[in-house]
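Here's the letter readout for the chains.
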Amino acid sequence: FMCPDPGKMYYTDLRGKAAEAKEDKEEREAMGPIMREIYNKGIETGRKEGVETGLETGRKEGLEVGRKEEARNIAKNMIRTGTIPLATIAECSGLSLGDVQSIKSSMSI
């Protein structure tokens, strides 16, 4: 296993075993599969946590994009009526007045 200085290992309960394994070939061979298993479990846990974090982030971003798109659609519908002041549309949709003005100028009405 790959441990240049067992004395610097984070897990104190492994320090002694690692030090023994460095000195004893049988111990070293016995520790190899154990260390690989620990390493593989760490990798697996990291992947699972990464996927969970990525999914949660994706959900939040997707919801935010959906909310913004819905606000823009509401503003467009209100603009089409031609009777609602842009400031009111901004207030009701949650968009800025500049965003509402930009939406209006991009529409062909």
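Residues numbered from 1 in each chain as written. Predicted model: local features only at pLDDT ≥ 70, side-chain atom pairs only at ≥ 80, totals over all residues. Heavy atoms only, no water.

Draft legend 1. The pattern of salt bridges, seen in detail. Counted according to the given criterion, the structure contains 4 salt bridges. Among the salt bridges present, the one from Lys-41 reaches Glu-37, with a minimum N-O distance of 3.1 Å. One end of the pair is Lys-41 and the other is Glu-37, both in helix H2 (residues 25-81) and 4 residues apart, which spans about a single turn. Judged by its relative accessible area of 43%, Glu-37 is partly exposed. Glu-44 is the partner of Lys-48 in a salt bridge, and the nearest nitrogen-oxygen pair spans 3.2 Å. (Salt bridge = Lys/Arg side-chain N within 4 Å of Asp/Glu carboxyl O. Helix = DSSP H or I, 4+ residues; strand = E, 2+ residues; numbered from the N terminus. Buried < 20%, exposed > 50% of the residue type's maximum accessible area, 1.4 Å probe, protein only.)

Draft legend 2. Structural context of a negative patch on the surface. On the surface, Glu-20, Glu-23, Asp-24 and Glu-26 cluster together to form a negatively charged patch. Turning to its location among the elements, Glu-23 is positioned in helix H1 (residues 12-23). On the basis of relative accessible area, Glu-23 is assigned to the exposed category, the value being 70%. (Patch = residues over 30% accessible without salt bridge, like charges linked within 9 Å, V, L, I, M, F, W, Y side chains within 5 Å. Areas by Shrake-Rupley, 256 points an atom, 1.4 Å probe, with all protein chains shown as cover. Lys, Arg positive; Asp, Glu negative; His and termini not counted. Charge placed at Lys NZ, Arg CZ, Asp CG, Glu CD.)

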